[in-house]
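# Descriptive structure summary
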Amino acid sequence: VQDPKQPGHLINHDNEYLHYQDDWWIIDYAEDNNKEGVPPFAFVYYRGENDAWIGYGGVVVYTRDAKMPPELIPRLREAAKKVNFDWDKDFKLTDNTCKTISSGEVTLLREKFAGKVALQTEQQLQAQAVKVRGNAANGLKAQVLFVNDELNQAEKAVEKIGKSIAEFEKKYS
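## Some words on the overall build of the protein
The helix and strand tally for the protein stands at 3 helices and 4 strands. The order of α-helices and β-strands along the protein, N terminus first, is β-β-β-β-α-α-α. Entry remark: accessible area of the protein is about 14,200 Å², with carbon and sulfur atoms responsible for 56%.

## Quick word on helix 1 (residues 73-82)
Of the residues making up helix 1, those classed as buried are Ile-73, Leu-76, Ala-79 and Ala-80. Relative to the axis of helix 1, the buried residues are bounded by an arc of 115 degrees and lie together on one face. Turned more than 90 degrees away from the buried face of helix 1, the exposed residues are Lys-81 and Lys-82. Here the buried face of helix 1 lies against strand 2 (20-30), strand 3 (41-50), strand 4 (54-63) and helix 2 (87-90). Just downstream of helix 1, Asn-84 is the residue with a positive phi angle, here 60 degrees.

## Focus on the packing of aromatic side chains
According to the stated counting rule, one finds 6 aromatic pairs in the structure shown. Ring geometry for Tyr-45 versus Phe-85: centroids 6.2 Å apart, planes at 65 degrees, classification edge-to-face. Here Tyr-45, found in strand 3, pairs with Phe-85, found in the loop between helix 1 and helix 2; they are 40 residues apart in sequence, far enough to count as distant. Members of the aromatic cluster, connected to one another through ring pairs, are Trp-25, Phe-43, Tyr-45, Phe-85, Trp-87 and Phe-91.

## With respect to the nonpolar core
Grouped burial of nonpolar side chains is what soluble globular proteins tend to show. Ranked by internal contacts, the top residues of the largest apolar core, which has 14 residues, are Phe-41, Phe-43, Met-68, Leu-72, Leu-76 and Trp-87. For this core, the secondary-structure elements that each account for two or more residues are strand 3 and helix 1. Of the residues forming this core, the biggest block, 4 residues, is contributed by helix 1.

## Considerations on the side chain of Asp-22
Looking at where Asp-22 falls in the secondary structure, it is placed in strand 2. Here Asp-22 occupies a buried position and makes no salt bridge, while the nearest side chain of opposite charge, Arg-47, is found at 9.6 Å. Not counting chain neighbours up to four residues away, the residues in contact with Asp-22 comprise Leu-10, Ile-11, Asn-12, His-13, Arg-47, Gly-48, Glu-49 and Tyr-56.

## Description of the sheet that holds strand 3
Across the sheet, 4 strands lie side by side as 1-2-3-4; this open sheet has antiparallel pairing. Both outer strands of the open sheet, strand 1 (9-13) and strand 4, are each paired with one neighbouring strand and no more. With direction set aside, neighbouring strand axes in the sheet form an average angle of 15 degrees. Of the pairings in the sheet, the one linking strand 3 to strand 4 comprises 9 bridges and is antiparallel in character.

## Focus: the pattern of salt bridges
If you walk through the whole model with that rule in mind, you get 5 salt bridges. In this structure, the salt-bridge partner of Asp-32 is Arg-64, at a minimum N-O distance of 2.5 Å. With Asp-32 in the loop between strand 2 and strand 3 and Arg-64 in the loop between strand 4 and helix 1, the pair connects residues that are 32 residues apart, well separated along the chain. For Arg-64, a relative accessible area of 64% gives the class exposed. Asp-88 serves as the salt-bridge partner of Arg-77, at 2.9 Å between the closest nitrogen and oxygen. Of this pair, Arg-77 sits in helix 1 while Asp-88 sits in helix 2, placing them 11 residues apart in sequence. Asp-88 sits in the exposed class, given a relative accessible area of 52%. Salt bridges sharing common partners tie together Asp-28, Glu-36 and Arg-75.

## As for the pairing of strand 1
Put simply, side chains in a regular strand alternate between the two faces of the sheet. Bridging between strand 1 and strand 2 involves 5 bridges; their strand directions are antiparallel. Residue pairing for strand 2: Asn-12 is matched across the bridge by Asp-22. The hairpin formed by strand 1 and strand 2 contains 6 residues between the paired strands, and Asp-14 there has a positive phi angle of roughly 55 degrees.

What counts, and where the lines are drawn
Residues numbered from 1 in each chain as written. Predicted model: local features only at pLDDT ≥ 70, side-chain atom pairs only at ≥ 80, totals over all residues. Heavy atoms only, no water. Helix = DSSP H or I, 4+ residues; strand = E, 2+ residues; numbered from the N terminus. Areas by Shrake-Rupley, 256 points an atom, 1.4 Å probe, with all protein chains shown as cover. Buried < 20%, exposed > 50% of the residue type's maximum accessible area, 1.4 Å probe, protein only. Arc of directions from axis to C-beta. Contact = heavy atoms within 4.5 Å. Phe/Tyr/Trp six-rings, centres within 6.5 Å; stacked < 30°, edge-to-face > 60°. Core = buried A, V, L, I, M, F, W, Y, C linked by side-chain atoms within 4.5 Å. Lys, Arg positive; Asp, Glu negative; His and termini not counted. Salt bridge = Lys/Arg side-chain N within 4 Å of Asp/Glu carboxyl O. Pairing = 2+ DSSP bridges. Axes fitted to C-alpha atoms, helices over the stretch in contact; angles between N-to-C directions.

Rendered as structure tokens:
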């Protein structure tokens, strides 16, 4: 949610399930086709807290370029000072370019992937076989217990009928 009093302040506090407070401030930015002639960017400072950590924070610089445009560095250095950061000490530039790989590397990666898929499939088949074996054994055990219990009940019923017949004969003979 954008703070109506400070348009460069974005607020995200709590929701139905989580307890947190995240605040983002747009410290500096440049839009497309700006008068300074620099690539578009946003320098975002954030601070927050949640149930596990109070006081996390940092800075993120968003650009459309895979590598930090060098012409932005002086401006970002000044923006960092506004939030008590030292651009030269506190920041590390990342390289987000996509690397080109050779056809040999492509083949190797495909072989590794295929091997992992085959291994996963084999492991899944083994797991299913163990599950089927376990289910079959459990089914057999259940049938044995059922039959044993039924036989036991049948024997008791025959015994009871025998006693009833004996009592009947004794009573009426």
